[in-house]
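One-letter residues, chain by chain:
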Amino acid sequence: MTLQAAEVDRETRESIKDFLYRESLALDEQRFRDWLTAFAEDARYEIPVRVTREKLSEWELSPNSRIFDDTKETLEVRVKRLETDFAWSEQPASRTRHFITNILVEPTERADEFRVLSNCLVYRSRGDETTPSLFSAQRRDVVRRDGGGWLIVHRWAALDQAVVNAHNMSIFI
Amino acid sequence: MSTTTISPGLRQLLGEMREGIPGGRVPARIFNDQEIFDLEQDKLFSKAWCFLAHETEIPKKGDYVVRYIANNSIIVVRDEHGNITANLNMCRHRGNMMCKSEMGNASHFRCSYHGWVYKNSGELIGVPMFKEGYEGQLDRSQWGLVKVRTETYAGLIFGTIDPQAPDLEDYLGGFQFYLDIYLKQGLGGSEVHGPPDHWVAETDWKICAENFSGDGYHTPVAHQFGFHLGYFPSSGSTHSEGWAVNIPNKGHAIGLGHTPGMPAFFGYPDELVEQMHQSLSPEQLEIFSKTRTAVGSVFPNLSFLIQPFSLDPGEPGVRFCTMRLWHPIGPGRMEMWSWCLVPTDASEEYKEAAYKAYTLTFGQAGTFEQDDFENWIKVTRAAGSTMARDVEFPYVMGLERPKLEDFPGPGHAVSPYVTDTNFRNLWSTWLDYLTREE
Ligand code: FES
Ligand SMILES: [Fe+2]
């Protein structure tokens, strides 16, 4: 990738940004059913496992290990679970705040799809614990035009920690 | 070379624990305590066979991973002859860390401080200014990396830093019979799907090790959503059925949950079942064919789980298999590695399906995993409180239950599977290590 990327018109960029902000707002407000509607039926949701490697190694993000390796169907399983009274890891619920910044929108081969890079910092506070979990990630999403709105076709988020400093990942990035 | 001195208070606690276990009493304090942690580092993790890696993590010559025994960083490598060796990750010159990455491939390791060079198997072969500085007076054969003794079983690489430790076969003491359900899924055995999930948790490793020594009791409650939505192929009313087996005085244990009416080898592909008829003994087949859930642990801190999972309730789905290491890094704090093991000879489609089932259930974001750790951090926190220092927990479940005399596998087997029998053996073995005189 060079520093100069192909231009995407301002209106498209603003509209996608707005969509991603609303998507993360649904998470922070625990409106998980609403959140699911942000995903296309053929969507993939992936968080690769990061491994500390020597510089110049072939990969640092595992090509075959995933923390999340989801489809819309399995995301819905997770949401269904959160809707039961027995999702103990979210009882009481985590308080999350998603900070989405550095959004870059790039064209793809398909006129109706765009690649969206963003930085994502998630602050999670649980119960009376005074130490929050912080998840810093780079996201590379693909979004597809859907009428007047957008759908996420691919959510890919790479956490910056190789040893994740949290007892679980009961939240979404 | 044990250096930890036991305080009078701790000595009394361990003495009382010794008296209490046969009657089913275990002190809460052991689950989060600085003195216990120190003693474990010295007398347990420095004496036992500790899990290092799976052979399939380092398939090629030069492949290495960096793991731990107690607080020692260990390089586990497949050397240029294809042999597995392990060395302390510390330069013999002034102690710099040799490997700073978690895994990689190297024929040699070169220290970034003064430049000593070692073969990947640990021999010192290069010393800068050997003539000018040392005047040739350094016997390189004496200053290789510090070796760690290793042995393997069915792909599992274990290491021990106790030169007096018995051999691995003796240490496992017959538990190999049960490990085969995870490690001999077909003629080609099992392989890791990829690098493990790796995270830290404010949890004492012992809580996890106990849970994975056959705690079928927690499943219908801690993982109630799975029963409620139909993703767990068992029901609350029959969930206690099955067997709990332990190897007396060795600490290893397994819970084998059974769902009445479930077809034999539910969730395994046919080709694999055929192969298992060759890779397993008739006694193993008799037990494993009926097993729905196999949740077991090699003492002290390596655990396994195999379980069918389907997104369509009632369907066989696939069997996913996880292997996990609960590594203590402080009292009430641990580092966790979790692998998915797949049958080497299964189709790529089956391996992928099994891996997806693993991530959805027991990976770091797994829906079952999440609930376990939420409970375990709370247990840890409570166990570290001052009042808990005088509290005991009841381990009386199945106290009078007779040993099954006609059970086809080795060890002490009881039925049903919901029982504290395995845990009494686990904690008395743990106590043997902590109180052993040099
Ligand atoms: S510390 Fe390694 S060469 Fe000096
Ligand atoms: Fe559990």
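Computed from a predicted structure; not experimentally measured.

(A) Geometry of the coordination of the iron ion (ligand 2). All names here are of chain B. Taken together, H218 (NE2), H223 (NE2), D372 (OD) and D372 (OD) make up the protein donors of the iron ion (ligand 2), found 2.1 to 2.3 Å from the metal. Considering all four donor atoms around the iron ion (ligand 2), the spread of angles at the metal, 58 to 149°, places the coordination shape in the irregular class. Within one chain, the residues serving as donors to the iron ion (ligand 2) are arranged as H-x4-H-x148-D. Placement of the pair is H218 in the loop between α5 (205–211) and α6 (219–222) and D372 in helix α11 (residues 367–383), with a sequence separation of 154 residues. H218 sits in the buried class, given a relative accessible area of 18%. In this structure D372 comes out as buried when scored by relative accessible area, which is 2%.

(B) Up close: unusual backbone geometry. The omega torsion of the bond from Q91 of chain A to P92 of chain A falls at 0°, within 30 degrees of zero and hence cis. Topologically, P92 of chain A is positioned in the loop between α3 (72–82) and β3 (95–107). In this structure, the amide linkage connecting S415 of chain B to the following residue, P416 of chain B, adopts the cis form with an omega of -5°. Non-glycine residue M129 of chain B carries a positive phi angle of around 55°. The backbone of N249 of chain B shows a phi angle near 65°, a positive value even though the residue is not glycine. With respect to the secondary-structure elements, N249 of chain B resides in the loop between β14 (242–246) and β15 (253–257).

(C) Geometry of the domain arrangement of chain B. Residues and elements named next belong to chain B. If you check the domain split of chain B, you get domain 1 (50–160) and domain 2 (173–435). Centre-to-centre separation of domain 1 and domain 2, based on C-alpha positions: 33 Å. Taken residue by residue, the interface counts 13 residues in domain 1 and 20 residues in domain 2. Together, the buried faces of domain 1 and domain 2 total about 1,400 Å²; carbon and sulfur atoms form 72% of this surface. Per-residue buried area on domain 1 facing domain 2 is highest for F51, Y68 and Y153; these three make up 37% of the total on that side.

(D) Broad picture of the interface of chain A and chain B. On the side of chain B, 38 residues touch chain A, which itself brings 39 residues to the contact. Contact between chain A and chain B buries roughly 3,500 Å² in total, counting both sides, with carbon and sulfur atoms accounting for 53%. Here chain A is connected to chain B by five salt bridges. In this structure, the salt-bridge partner of D69 of chain A is K356 of chain B, at a minimum N-O distance of 3.6 Å. Summed over the shared surface of chain A and chain B, the result is 25 residue pairs in polar contact (both at pLDDT 80 or more). Going through the elements one at a time, β1 (39–50), β2 (61–71) and α3 of chain A are the ones with two or more residues in the side of chain A that touches chain B. In terms of residue count, the dominant contributor to the side of chain A that touches chain B is β2 of chain A (eight residues).

(E) How the structure looks around the environment of R94 of chain B. Residue and element names in this part refer to chain B. Tracing the sequence through the fold places R94 in the loop between β5 (84–88) and β6 (103–105). Overall, R94 belongs to the exposed group, its relative accessible area being 61%. Expressed as a C-alpha distance, the spacing of R94 and H114, which sit 20 residues apart in the sequence, is 8.7 Å. Once residues lying within four places of it in the same chain are set aside, the contact partners of R94 are Y113 and H114.

(F) Expanded view of the sheet that holds β5 of chain B. Residue and element names in this part refer to chain B. Read from one edge to the other, the open sheet built from seven strands follows the order β2-β11-β10-β5-β4-β3-β6, with strand pairing classed as antiparallel. At either margin of the open sheet sits one strand with a lone partner, and together these are β2 (50–54) and β6. Pairwise comparison of adjacent strand axes, ignoring direction, gives a mean angle of 30° for this sheet. Strand direction decides the pairing type here: strand β3 (residues 63–69) and strand β4 (residues 72–78), joined by six bridges, are antiparallel. Looking at the pairing, R67 lines up with I74 of β4.

(G) A look at the sheet that holds β1 of chain A. Residues and elements named next belong to chain A. Read from one edge to the other, the open sheet built from six strands follows the order β2-β1-β6-β5-β4-β3, with strand pairing classed as mixed. Each edge of the sheet is formed by a strand with only one pairing partner; in this case those strands are β2 and β3. Direction aside, the axes of adjacent strands within the sheet are offset by 25° on average. Sheet topology places strand β4 (residues 113–125) next to strand β5 (residues 133–146); 12 bridges connect them, and they run antiparallel.

(H) Representation of the packing of helix α2 (residues 34–44) of chain B against helix α12 (residues 421–435) of chain B within the structure. Residue and element names in this part refer to chain B. Two elements in contact, α2 and α12, have axes whose closest approach is 8 Å; the angle formed by their N-to-C orientations is 80°. Considered as vectors, α2 and α12 are oriented roughly perpendicular to each other. Only W430, Y433 and L434 of α12 make contact with α2, whose side of the interface consists of I36, L39, E40, K43 and L44. For the contact of α2 with α12, the per-class residue count stands at six nonpolar, no polar and two charged.

(I) Looking closely at the nonpolar core. One finds M169 and I173 of chain A together with Y182, F304, W326, W427 and W430 of chain B to be the most contacted residues of the largest nonpolar core, which totals 160 residues. No fewer than three residues from each of domain 1 (50–160) and domain 2 (173–435) of chain B sit in this core. Look past the residues within four positions of Y182 of chain B in its chain and what remains in contact with it is S190, I254, A294, V295, G296, F304, L305, I306, C321 and L341 of chain B. Residues C91, C99, F109 and L145 of chain B belong to the second largest nonpolar core, which totals 17 residues.

Conventions we followed
- Residues numbered from 1 in each chain as written.
- Chains lettered and ligands numbered in written order.
- Predicted model: local features only at pLDDT ≥ 70, side-chain atom pairs only at ≥ 80, totals over all residues.
- Heavy atoms only, no water.
- Donors = N, O, S within 2.8 Å, 3.2 Å for Na, K, Ca; no water.
- Tetrahedral: all angles 85-135°; square planar, octahedral: opposite > 155°, others 65-115°.
- Helix = DSSP H or I, 4+ residues; strand = E, 2+ residues; numbered from the N terminus.
- Buried < 20%, exposed > 50% of the residue type's maximum accessible area, 1.4 Å probe, protein only.
- Domains from an automatic or database assignment.
- Contact = heavy atoms within 4.5 Å.
- Buried area = accessible area lost by both parts, 1.4 Å probe.
- Salt bridge = Lys/Arg side-chain N within 4 Å of Asp/Glu carboxyl O.
- Polar contact = N/O pair within 3.5 Å; in protein donor to acceptor, adjacent residues only side chain to side chain.
- Pairing = 2+ DSSP bridges.
- Axes fitted to C-alpha atoms, helices over the stretch in contact; angles between N-to-C directions.
- Parallel < 35°, antiparallel > 145°, perpendicular 65-115°, else oblique.
- Nonpolar A, V, L, I, M, F, W, Y, C, P; charged D, E, K, R; others polar.
- Core = buried A, V, L, I, M, F, W, Y, C linked by side-chain atoms within 4.5 Å.

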